[in-house]
Each structure stands twice: as C-alpha cells, then as structure tokens.
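The chain contents come next:
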Amino acid sequence: MTPQTLLIAFPKGRLGDELVPRLASTPLALDADALKSRVLRIPTATPGVAALLLKGADLPRYVAAGVASLGIVGSDTLDEMDMDLLELADLGFGACRLSLCALAGVTLETLRAKPHLRLATKFPKATEAWLTREGLTAELVPLSSSAELAPLLGLADAIVDLVQTGGTLKAHGLVETLVLGRSSARLVAARGAYLSEPGRIRPLADLLIAALR
Amino acid sequence: MPVRTPHFPDLLFDSAARLRRWESALMGLLEAHGYRELHPSLVPRESIPDGALRFFDGEELVALRWDFTVALAGLLARRFPTPPPRVSYAGAVFRRPVQPWEAVERFEVGCERIQPEGESSGEADVELARLLMAIPGALGLKSAILHLGNAALVRRPLEAEGLAGDLADAVVSALSRRAPHRVREALHGHPAADRLAAHAEALLSELDGPGTLDALQASPYADLLRDERDHMDRALKSLLPILPPNLELRVDLADVAGLDFYTGPTLRLWAPGAQQELAAGGRYDRLFPGLGRPWQAAGFCVRLSRLLDLAVTRPDLFEQPQ
C-alpha cells in the first residue's frame, strides 16, 4: 500500500456483518482472503483504496483525525461522541431503536415514580438528554456490553439500549417501555479530506451510497 | 476528552526558522498592500470568553490574548475616532483546543480591512480574496485551494423563517456536518421544514468551481439571496482571471463555520490532503457596531501553527526553501 492509499473505516460487529455482503461485486468489495485472516487493514477491489476494520466506538476518532477519509458507523455512536466529522448520508441499513427497556410488568410510570431511578446504558449522552426532556433525574450505570443483564440482576431498574428485533430483550424477560430515538448506518467523512480533496473523496462516497442504500 | 501533548509546543531550530521566515514573508506581503501592523497587548481588556487561558494576577482574573480580531477591535474602538483602513498583526494567541490535536498556543498572521458604515464593501472583499490568493506562494505551498462562501446564504433564510436559538443551532450544526438528513430531522414538524431542507440540499449539492453558484437556483430562497449570489458572481469574475497556476478556486455554499460571527463572504484556504484549513476569514459587520463604532470590517487569519505541523507531516506539499 502506498502512503497515498485512501482508507475507509468499516465497523466490525452487527453493522459490519450487514455491510460486507452489500459491498461484494462492487469496486469496494473487500478482499475475501484478507477478511478470513486476522488483519484489520483489508485491500479492496479498487487499487489505492483499503478498508480498516474498527470497533464502532473507535471508528469516528479515526475519521475525525483524518486517518481514514471515509467511514460507516451507526448514528447512535455518532450521537454519543462529539466528533468533528461530516455525515454525508443516512444509508438506511442497520436500523434499530434506542429504547428504554425494563422487566415485563414494569411501566414507565413505575420508573418515573422511583425516588432513586437507576438506568444502565452504553448511551449516557442520549439517556441524559431524555432525562432532561422529561425533567427526571437518575443514576446512570455505565456499561459497555450485555446491558440486558442489569435489570435481571438488580444492577439497575431499567436499561437504555439499542433494539433491532427485540429477540435479546425477550430472551431476558425485558420489554421496550419507550422508544427514545432511532439509529441507522451513516456515511461519514473526514472534514479535511472531503474539503481539500473532494475530487478524490466524493466519487468514493457516491460509490458507497449507491452500493449500500 | 484527553488532549495530546504538547499543548504548548517548543519550536526547535527548523520550525523556529520556518516560523520567522513565514511571519516575515507574510507581514512583508501585507505591508506592500498598505496594511500597517498593530500589536495588541498579550493581556486584552475584553470580557473573557470560555476557552481562554485564564489565571489570577493577584485578585484580578486575566486571560492571555485568545483572538487577534477581538483584541484589535477593542483597541481600535478605544483609540481611533475613525478607522485605519488596513491593519495587520502577527503573534501568538492562546485558546483551549476544540480538537485534541491542536495546541493551546498558536501562531497567527492576519489582516483586517475596516471601513466606515455606508462605504461599498464589495471591493474590500475582493481585495482580501486577492491577498489570500498570494499567501500560498509566499509560504512556498506547491498547491492550494481557496474556498469562497457566504455566511448570509444560511443566516438570511434562517432569519426570514424566524428560526433562532437551539433549533437554528441544530440546523447549522447539521449543515456543518454536511448532513441534509439531519436538517430534516432537526426541523421535523416545523412549518418551514420543507423549504429549509430543500435549501440545505441545494447548498450541499455541489462543492466545485464557479458553476456551483447555479445550485442556488434550486433553493426556495433563490430570490432572497440574489444579492449574495450576484456578489459572489462578481467576485469570481474578478478573481478567476488572476488565479495563480497552483491555486484552485472553489465555491462552498454550505460554509457555516463561525456563522455566529461572520455576516457575509467567507474565505478558507486549504492544501490538498491537509486535515485542517490553513487560513480563514470573512466579513464580520456586527463586531464594531457592538463596540459602539459604526464600522464594517472583514479580514483573514493565516494559521501558522497548522502550517508548521503540515510542513513536518507533509513536507511534499512545500517548495524547498532556497
């Protein structure tokens, strides 16, 4: 790879699983052999363009710093991080809800009435924004995974988490009490790369939009 | 957010020499165009904003100079009954960084073009753009891109629709992200949502040469913005024939950076592949009236600290000094 190789940051995990098949047969298809290996920098079908496979929470930082010129990340992650980057398109896929979820039978009113509400979440910013809108206060329990366990084991009264099909919630006896927002995959770009080299970045952005929307 | 060190960079031999050379070249260029240097104190008298580097001098809270334009405006408003038309400056400002990779202490060179109220400002705007066009050559940049924008393209439609406060901020933030879908989200349910979303689409549809101005025709506010469009058109017609060979001129209709400060045409200088703009400026006609002086003004600032960083990370972008 040359120093001028243009890097696109792709997310690992749920969004990445949806993304890779959509890129197959496009000029940005990821090299199948490299994907099977453990390398995190994957050549694409276009010379001079490579993909970085990153955790969603790290991805905006790579793009904001201009290491990757483009990236794909969930809007829930973007909303939690105050990063200076461009958000060129809502790609529509990976759609899910950011919801307040509690054990079946626990209503929103029950939660409101609690003198000391405890909410476990990976999304403190969105949760705080909702609490502010509602005029509520709560103790936020920051978690980075498996939030569904928190109400079951008494760590929190409820959780604020992403819900796609609701299968994981159901498996843990939880229900969606309130939808706080929606999330989907977004195409992001490094401000500097986009504004200083639009002739190089925009065609790739258009290609990603055409392949993924 | 953790901030990468050094916050207060020491300049070693090469960078110190480069800074001295660039400052001298740029101040020479400005002087040749009639700009006279003012040197406002490192401890300004203006009220201290968030982000300034503050400390106590005995009982008194003071701050280091955080912005030349504001410091100069205070000085000019206090000391001059009529405005000196052309002012330049060079030195350091101290500001807490928004981006983690920026230093607190930053070196700048810049200029301000100040006029009494009522004088035509069009020629002053073009004068500044011409001057900025000469900056890449003076710095030894092999190629550069000059973006022309106009803050009024966003400000006037928002004002016409009576949008202010958090909602206006959300729209501006979405435009800054170049995210038309976020503009729609922010305005959901607002009576002007469709009009402003269509305007955002028009502003964001192109980022190219002079033809980009045609995108304004698709805006519901095309008539409202006719003066701004004509002004940009005249500026382009005046600048294109004298464009240096290594400078590209682009029209950025969605430039909203500093929208709370700028009131009219804006200028941004980029180098290909640079992560940050290297110079920025524009018209800010509300600053002096706010200080009790009926003057209008425009200017730009060359961010030498960013250029010093760029010279280290991308030396290929610069001519080797003789």
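This one's a predicted model, so the numbers in the text were calculated from it and none came from an experiment.

Chemist: Can you explain the domain arrangement of chain B? Please cite residues and give values.
Modeler: Residues and elements named next belong to chain B. When the domains of chain B are assigned, the result is domain 1 (1–150 + 267–322) and domain 2 (152–254). Tallying the contact residues gives 18 residues for domain 1 and 23 residues for domain 2. Summing both sides of the interface, domain 1 and domain 2 together bury roughly 1700 Å²; the carbon and sulfur share of this comes to 58%. On the domain 1 side of the interface with domain 2, the three residues burying the most area are M133, L148 and N150, jointly 41% of the side's total. Here domain 1 and domain 2 share one salt bridge between them. Here R286 and E159 are joined by a salt bridge, their closest N and O atoms 3.3 Å apart. Linking domain 1 to domain 2 there are eleven residue pairs in polar contact (both at pLDDT 80 or more). Of all elements in the fold, only α3 (122–139) and β6 (144–150) reach the threshold of two or more residues within the side of domain 1 that touches domain 2. Partitioned by chemical class, the residues of the side of domain 1 that touches domain 2 number nine nonpolar, five polar and four charged.

Chemist: Any details on the pairing of strand β6 (residues 96–103) of chain A? Residues and values, ideally.
Modeler: All names here are of chain A. Taken across its eight residues, β6 has six buried, putting it largely inside the fold. Taken together, the eight bridges between β6 and strand β10 (residues 174–183) define a ladder with antiparallel strand orientation. Looking at the pairing, L100 lines up with L178 of β10. Bridging between β6 and strand β9 (residues 158–163) involves five bridges; their strand directions are antiparallel. Among the inter-strand pairings, L98 is bridged to a residue of β9, identified as L162.

Chemist: I'd like to hear about the interface of chain A and chain B, residue by residue, with values.
Modeler: For an interface, size is often stated in terms of accessible area lost upon the parts coming together. Taken together, the contact pairs 28 residues of chain A with 25 residues of chain B. Each partner contributes to the roughly 2000 Å² buried at the junction of chain A and chain B, and carbon and sulfur atoms together form 45% of this total. Broken down residue by residue, the surface that chain A buries against chain B is led by E87, L195 and S196 of chain A, which jointly contribute 29%. Summed over the shared surface of chain A and chain B, the number is four salt bridges. For E185 of chain B, the salt bridge identified is with R186 of chain A, shortest N-O distance 3.6 Å. Our count for the chain A to chain B interface comes out at ten residue pairs in polar contact (both at pLDDT 80 or more). Every element with two or more residues in the side of chain A that touches chain B is listed here: α3 (59–64), α4 (75–80), β5 (86–90), α9 (191–196) and α10 (198–212) of chain A.

Chemist: Quick rundown of the nonpolar core? Include the residues and the values.
Modeler: Ranked by internal contacts, the top residues of the largest apolar core, which has 95 residues, are I135, L146, L253, V302, L304 and L307 of chain B. Sort the elements by how many residues they give to this core and α3 of chain B lands first, with eight residues. The residues that make up this core include at least three from each of domain 1 (1–150 + 267–322) and domain 2 (152–254) of chain B. Ignoring any residue separated from it by four or fewer positions in sequence, one finds L304 of chain B in contact with L19, W22, E23, L26, F107, E108, V109 and L139 of chain B. L7, I8, A185 and A193 of chain A belong to the second-largest nonpolar core, a separate cluster that totals 51 residues.

Chemist: Tell me about the layout of surface pockets, and please be specific about residues and values.
Modeler: Residues and elements named next belong to chain A. Size it by volume and the second largest pocket reaches roughly 880 Å³. Around the second largest pocket, the lining comprises 30 residues; the ones closest to its centre are R14, D76, K122, F123 and L162. Those elements that provide at least two residues to the lining of the second largest pocket are α1 (14–23), β4 (70–74), α4, β9 and α8 (167–171). For the lining of the second largest pocket, the residue count by class is eleven nonpolar, eleven polar and eight charged.

Chemist: Describe the packing of aromatic side chains, naming the residues involved and giving the relevant values.
Modeler: Residue and element names in this part refer to chain B. Across all of its chains, the model carries five aromatic pairs over all chains by this definition. With a centroid separation of 5.6 Å and an interplanar angle of 25°, the aromatic rings of W22 and F318 are classed as stacked. Of the two residues, W22 is situated in helix α1 (residues 13–32) and F318 in the segment after α10 (304–313); the sequence distance between them amounts to 296 residues. The residues W22 and F318 share a single accessibility class, namely buried. Summarising the aromatic geometry, the rings of F261 and Y262 are spaced 5.3 Å apart at their centres and angled 70° between planes, so their arrangement reads as edge-to-face. You can call F261 partly exposed: its relative accessible area is 26%. Among the aromatic side chains, those forming a connected cluster through ring pairs are F261, Y262 and Y284.

Cut-offs and rules
Residues numbered from 1 in each chain as written. Chains lettered and ligands numbered in written order. Predicted model: local features only at pLDDT ≥ 70, side-chain atom pairs only at ≥ 80, totals over all residues. Heavy atoms only, no water. Domains from an automatic or database assignment. Contact = heavy atoms within 4.5 Å. Buried area = accessible area lost by both parts, 1.4 Å probe. Salt bridge = Lys/Arg side-chain N within 4 Å of Asp/Glu carboxyl O. Polar contact = N/O pair within 3.5 Å; in protein donor to acceptor, adjacent residues only side chain to side chain. Helix = DSSP H or I, 4+ residues; strand = E, 2+ residues; numbered from the N terminus. Nonpolar A, V, L, I, M, F, W, Y, C, P; charged D, E, K, R; others polar. Buried < 20%, exposed > 50% of the residue type's maximum accessible area, 1.4 Å probe, protein only. Pairing = 2+ DSSP bridges. Core = buried A, V, L, I, M, F, W, Y, C linked by side-chain atoms within 4.5 Å. 1 Å grid on protein atoms, 1.4 Å probe; cavity = no way out; pocket = protein on both sides within 12 Å on 5 of 7 lines; lining within 4 Å. Points joined across faces, edges and corners; volume = space filled by probe spheres on them. Phe/Tyr/Trp six-rings, centres within 6.5 Å; stacked < 30°, edge-to-face > 60°.

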